[in-house]
Amino acid sequence: MDDLSTIRSETLAAVAAATDARALDAARVAALGKNGRVTGLMKTLGALPPDERKAFGQTVNTLKDEIAAALDARKADIDRASLAARLEAERLDVSLPVRPERMGTLHPIGQTIDEICAVFGEMGFVWAEGPDIEDDWHNFEALNFPPDHPARQMQDTFFLPPRADGMPMVLRTHTSPVQARTMLDKRVQKMLADGGSLRVIVPGRTFRTDSDQTHTPMFHQVEGLVIDRTTHMGHLKGCLTDFCRAFFEVDDVPVRFRPSYFPFTEPSAEVDIGCSWKGGELRIGAGDSWLEILGSGMVHPNVLRHCGLDPEIYQGFAFGMGIERVAMLKYGVPDLRTFFDSDLRWLRHYGFSALDVPSLTGGLSR
């Protein structure tokens, strides 16, 4: 049988030498476990004479208590050392500068709208708005669309349940209804009667049942309208030529007006800008190619009549363009659908700083 003093010294030495929880537990089991050395001493009590049993039992119990206290103290030391090592490893140096956070960017659509409005704002145009859900009269009839026009078919237009009076409702197919609503405004009509001039620019969402690389069911357009007593086609050409050169920031970009047809203008013209495709890359400016970017024309007399204006007194011009289209041409975006994907990588690449406020004096784009 092991001597009590030997068991004590060896066990306390093993406890003191334990450097982690596993080694400490091994020392505990060796002494106090089911087959431990101190437990073995307790099993011998029954074989001792009665006069020795009590004294020996008290001595063994004292040893057990001493070893248990040593185990608790060593465990506390190991826990403190482990915590100190973890704190040292996970130390945060608060004196270091914070990690830079990514700044948000403005969507190219919003930036392009601001650029377009900055150009026309310098020409005296003011912003006008209207509802996205429009009635058939404002969207089609007031703008001289015949009853059998393809745009009145469900394959081209999102139709909604009619109003209580039976008037068909649609998601507007263009922003031109705002032109009609503006001309119908009694304050505008009084201003024109007093010899004033109406100049509005109308950016906004439009909807058509079309989707491919160059079309989406929801997209953005901008319309422009000028109404007074003297405006003519020459004013239209000068206005849009100046816009194209200012927007694309190319002073000598060629601009071509090509005869076309729109229900709400007569005469009508498509507007093309000069470009080249050297090396497969589009360059706006002088070249041997042309790109159509918008439609325009003199406001049709029927539209003026529908909107309460006498075409014998008033005349004017209107134009419209797809905002995504001119943004794609200016900033090299290859696919229209990516404007609406909400891809942060795309937005960081094509987005604009909030400080990129477009103006003709400071520059439209970065």
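In what follows, the structure referred to is the one given above.
No experiment lies behind these values; they were computed from the predicted model shown. (Residues numbered from 1 in each chain as written. Predicted model: local features only at pLDDT ≥ 70, side-chain atom pairs only at ≥ 80, totals over all residues. Heavy atoms only, no water.)

Turning our eyes to something else, we now look at the pairing of strand E5 (residues 198–207). Here is the key point about a regular strand: its side chains alternate between the two faces of the sheet. Buried residues dominate E5, accounting for 8 of its 10 residues. The pairing of strand E1 (residues 126–127) with E5 spans 2 bridges and is parallel. By the bridge assignment for E5, tryptophan 127 is matched with isoleucine 201. Sheet analysis places E5 next to strand E6 (residues 218–228), joined by 10 bridges and oriented antiparallel. Each residue of the ladder has a partner; that of phenylalanine 207, found in E6, is methionine 218. (Buried < 20%, exposed > 50% of the residue type's maximum accessible area, 1.4 Å probe, protein only. Helix = DSSP H or I, 4+ residues; strand = E, 2+ residues; numbered from the N terminus. Pairing = 2+ DSSP bridges.)

Let us now look at the environment of glycine 224. Of note, glycine 224 is situated in strand E6. You can call glycine 224 buried: its relative accessible area is 0%. In this structure, the C-alpha to C-alpha distance between glycine 224 and valine 178, residues 46 residues apart in sequence, is 9.9 Å. Excluding anything up to four places from it in sequence, glycine 224 contacts Gln179, Val200, Ile201, Phe317, Ala318 and Phe319. (Contact = heavy atoms within 4.5 Å.)

A few words now on the nonpolar core. Soluble globular proteins tend to bury their nonpolar side chains together. Counting 41 residues, the largest nonpolar core has Ile116, Phe120, Phe243, Phe319 and Met321 as its most contacted members. Of all the secondary structure elements, the ones that give two or more residues to this core are helix H5 (108–122), E6, helix H9 (233–247), strand E8 (265–276), strand E10 (289–299), strand E11 (315–322), helix H11 (323–331) and helix H12 (344–350). Grouped together as the second largest cluster of nonpolar side chains are 26 residues, Phe140, Leu198, Ile227 and Phe262 included. (Core = buried A, V, L, I, M, F, W, Y, C linked by side-chain atoms within 4.5 Å.)

What follows concerns the sheet that holds strand E3 (residues 159–160). Strand order across the open sheet formed by 3 strands is E2-E4-E3, with antiparallel pairing between neighbours. Each end of this open sheet is capped by a strand with a single partner; those strands are strand E2 (133–135) and E3. As paired strands, E2 and strand E4 (residues 169–171) are joined by 3 bridges and run antiparallel to one another. When the sheet's bridge partners are listed, glutamate 134 is paired in E4 with valine 170.

Moving on: the state of the cysteines. The full count for this structure, using the stated rule, is 0 disulfides. Between cysteine 239, a cysteine without a disulfide, and cysteine 244, which holds the nearest cysteine sulfur, the sulfur-to-sulfur distance is 9.4 Å. Cysteine cysteine 307 remains unbridged, with the sulfur of cysteine 239 as its closest cysteine sulfur at 20 Å. Given the relative accessible area of 0%, cysteine 307 is considered buried. (Disulfide = S-S within 2.5 Å.)

Next up on the list: the packing of aromatic side chains. Summed over the entire model, instances satisfying the criterion amount to 14 aromatic pairs. Seen from their ring centres, phenylalanine 140 and phenylalanine 145 are 5.5 Å apart, and the 70° between their planes marks the pair as edge-to-face. With a centroid separation of 5.5 Å and an interplanar angle of 20°, the aromatic rings of phenylalanine 243 and phenylalanine 247 are classed as stacked. Of the two residues, phenylalanine 243 and phenylalanine 247 are both situated in helix H9; the distance of 4 residues between them amounts to about one turn of the helix. The same class applies to phenylalanine 243 as to phenylalanine 247, namely buried. Directly above the ring of phenylalanine 247 sits lysine 330, whose terminal nitrogen or CZ lies 4.4 Å from the centroid. (Phe/Tyr/Trp six-rings, centres within 6.5 Å; stacked < 30°, edge-to-face > 60°. Lys NZ or Arg CZ within 6 Å of the ring centre and 35° of its normal.)

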